[in-house]
Amino acid sequence: MKRIFNFNAGPSTMPTEVLLKAKEELLDFKNSGISIMESSHRAKLYDEVHNETIELIRELYQVPEDFHILFLQGGASLQFAMVPMNLYKGGVAEFADTGSWSAKAVKEAQIQNIKYKIVASSKDSGYDHIPKDIPFSDEADYAYITSNNTIYGTQYKTFPKTKSPLIIDASSDIFSYPVEWENIGMMFAGAQKNAGPSGVTIVIIRKDLTQRVKENVPTILRYKTHAEKNSLYNTPNTFGIYMLNLMMKWLKSKGGVEGIAKINEKKAKILYDVIDKSEGFYKGHARKDSRSLMNVTFNIKNKDKELEEKLVKLAEENEMIGLKGHRSVGGLRASIYNAMPIEGVKKLAELMEEFAKEHR
Ligand code: PMP
């Protein structure tokens, strides 16, 4: 068996232990004689997986009892539309624009013709930082942020302390550090970066907010529907949720989000150190105070495309894939989510150092 280091931004690397466990259980889940994929979503066999996954998330992420934990479909992108549909109540929705994904969320608010305001943006500087002291008002229907900007490699170090419910797109950093839930109204994430395969969207929403929804919102698009039916209103992505279950057990074995947060800091430091000590050969895209621990984005001096491509290729030859930056910004990006082993990061760091020496 060959396993290489996968630095893709998502879908992305998963722990070998998790994949092996899924393989072991694939044909005969817990002596049932069938695969969990083949189980009815109403059967006890699946039901236990479903509820255990919710419990694991609640325990590991310390989600208070006044939040529902939901498993939806349609990706994080559907949440861009569902948030205004369900949570706007006639006032104003406020957004911090820190990258393409928040811009897409704003666009869905525009389409729905709701009153919105972009209260801070880092667009003018190429989305290279998270704005400081974002002036969210106290009266907004909700305040919206993207905790980690996958494309630009920026990340909030602490969440704004809003009076209105804070809505967080945590698609690329969910479960990577402990969260304080006080002012959070809802957090959502596509699972395919830090939590499992694509096709499951995790929504953690304060129970009272599910009641805001208006009569003209289709049943399937209401948080209320999914909350009342424990995410079993229709057939959920049962296999995806099973994989999420294995991922949460793996996370627990790593000391939970507290444990993984320490490892994530270490991993990111290794790569940022290489960038900072390269005497300008590598240039990080994000300002230092906004650097993401999940997506390390950088260019080679003078944005030398040829050298950048050469490094991506060399990495591939050395069994490290997925280092090409997002098509909209170019450069390089190393996505080092929870499941990326520190060995992979060290191996990449060594290659980058050697490459810089050779081409300086
Ligand atoms: N938000 C963020 C921060 C993302 O990184 C992504 C995907 N890369 C999305 C939303 C969109 O997710 P999906 O493809 O699941 O709709």
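Nothing here was measured: the structure is a model prediction, and the numbers come from that model. (Residues numbered from 1 in each chain as written. Predicted model: local features only at pLDDT ≥ 70, side-chain atom pairs only at ≥ 80, totals over all residues. Heavy atoms only, no water.)

1. Quick notes on helix α8 (residues 305–317)
- Spanning 13 residues, α8 covers 18 Å between terminal C-alpha atoms, matching the ideal 18 Å at 1.5 Å per step.
- When we look at burial in α8, the residues that qualify are Leu-307, Glu-308, Leu-311, Val-312 and Ala-315. Looking straight down α8, one finds that the buried residues subtend no more than 140° of arc, so they occupy a single side. Counted as exposed and oriented over 90 degrees from the buried face of α8: Lys-305, Glu-306, Glu-309, Lys-313 and Glu-317.
- Along its buried surface, α8 packs onto β11 (282–284), β12 (295–300), β13 (320–321), β14 (332–335) and α9 (342–359).
- Between the side-chain oxygen of the N-cap and the backbone nitrogen of Glu-306 there are 3.1 Å, and the N-cap of α8 in question is Asp-304.
- One or two residues past the end of α8 sits Glu-319, with phi positive at roughly 65°. (Helix = DSSP H or I, 4+ residues; strand = E, 2+ residues; numbered from the N terminus. Expected span 1.5 Å × (residues − 1). Buried < 20%, exposed > 50% of the residue type's maximum accessible area, 1.4 Å probe, protein only. Arc of directions from axis to C-beta. Contact = heavy atoms within 4.5 Å. Polar contact = N/O pair within 3.5 Å; in protein donor to acceptor, adjacent residues only side chain to side chain.)

2. Some words on a nonpolar patch on the surface
- Taken together, the side chains of Leu-26, Leu-27 and Met-37 present a nonpolar region at the surface, about 320 Å² in accessible area.
- Classification of Met-37 as partly exposed rests on a relative accessible area of 47%. (Patch = residues over 30% accessible without salt bridge, like charges linked within 9 Å, V, L, I, M, F, W, Y side chains within 5 Å. Areas by Shrake-Rupley, 256 points an atom, 1.4 Å probe, with all protein chains shown as cover. Salt bridge = Lys/Arg side-chain N within 4 Å of Asp/Glu carboxyl O.)

3. Focus on the packing of helix α6 (residues 238–253) against helix α7 (residues 256–276)
- As a packed pair, α6 and α7 sit with axes 7 Å apart at the nearest point and diverge in direction by 70°. Classified by the angle between their axes, α6 and α7 sit roughly perpendicular to one another. Facing α6, whose interface residues are Trp-250, Leu-251 and Lys-252, α7 presents Gly-256, Val-257 and Ile-260.
- When grouped by side-chain class, the residues that make up the contact of α6 with α7 number four nonpolar, one polar and one charged. (Axes fitted to C-alpha atoms, helices over the stretch in contact; angles between N-to-C directions. Parallel < 35°, antiparallel > 145°, perpendicular 65-115°, else oblique. Nonpolar A, V, L, I, M, F, W, Y, C, P; charged D, E, K, R; others polar.)

4. So, the packing of helix α2 (residues 44–60) against α6
- Viewed as axis vectors pointing N to C, α2 and α6 meet at an angle of 40°, and their least axial separation amounts to 9 Å. One way to sum up the angle between α2 and α6 is to call them oblique. For the element pair α2 and α6, the recorded crossing hand is left-handed. Contact residues: α2 offers Tyr-46, Val-49, His-50, Glu-52, Thr-53, Leu-56, Ile-57, Glu-59 and Leu-60, while α6 offers Thr-238, Ile-241, Tyr-242, Leu-244, Asn-245, Met-248, Lys-249, Leu-251 and Lys-252.
- Tallied by class, the residues present in the contact of α2 with α6 amount to 10 nonpolar, four polar and four charged. (Left-handed = near helix turned anticlockwise from the far one by under 90°.)

5. Notes on unusual backbone geometry
- Cis peptide bonds are those with omega within 30 degrees of zero, and the linkage from Gly-10 to Pro-11 qualifies with -5°.
- By secondary structure assignment, the location of Pro-11 is in the loop between β1 (5–6) and α1 (16–25).
- Although it is not a glycine, Asn-31 sits at a positive phi angle of roughly 60°.
- Mapping Asn-31 onto the fold places it in the loop between α1 and α2.
- Phi is positive for Asn-302, which is not a glycine, with a value near 60°.
- Mapping Asn-302 onto the fold places it in the loop between β12 and α8.
- Since its relative accessible area comes to 74%, Asn-302 is described here as exposed.

6. Looking at the domain arrangement of the protein chain
- Domain annotation of the protein chain identifies domain 1 (16–253) and domain 2 (257–359).
- Taken together, the contacts link 28 residues of domain 1 with 24 residues of domain 2.
- In total, domain 1 and domain 2 occlude about 2200 Å² of area from one another, counting both sides; carbon and sulfur atoms represent 54% of this.
- For the pair domain 1 and domain 2, the number of links is two salt bridges.
- The residue Asp-289 makes a salt bridge to Lys-132 at a minimum N-O spacing of 3.0 Å.
- For the pair domain 1 and domain 2, the interface holds 16 residue pairs in polar contact (both at pLDDT 80 or more).
- Elements with a minimum of two residues in the side of domain 1 that touches domain 2: β7 (154–155) and α6.
- Looking at the side of domain 1 that touches domain 2 residue by residue, the classes come out as 12 nonpolar, 11 polar and five charged. (Domains from an automatic or database assignment. Buried area = accessible area lost by both parts, 1.4 Å probe.)

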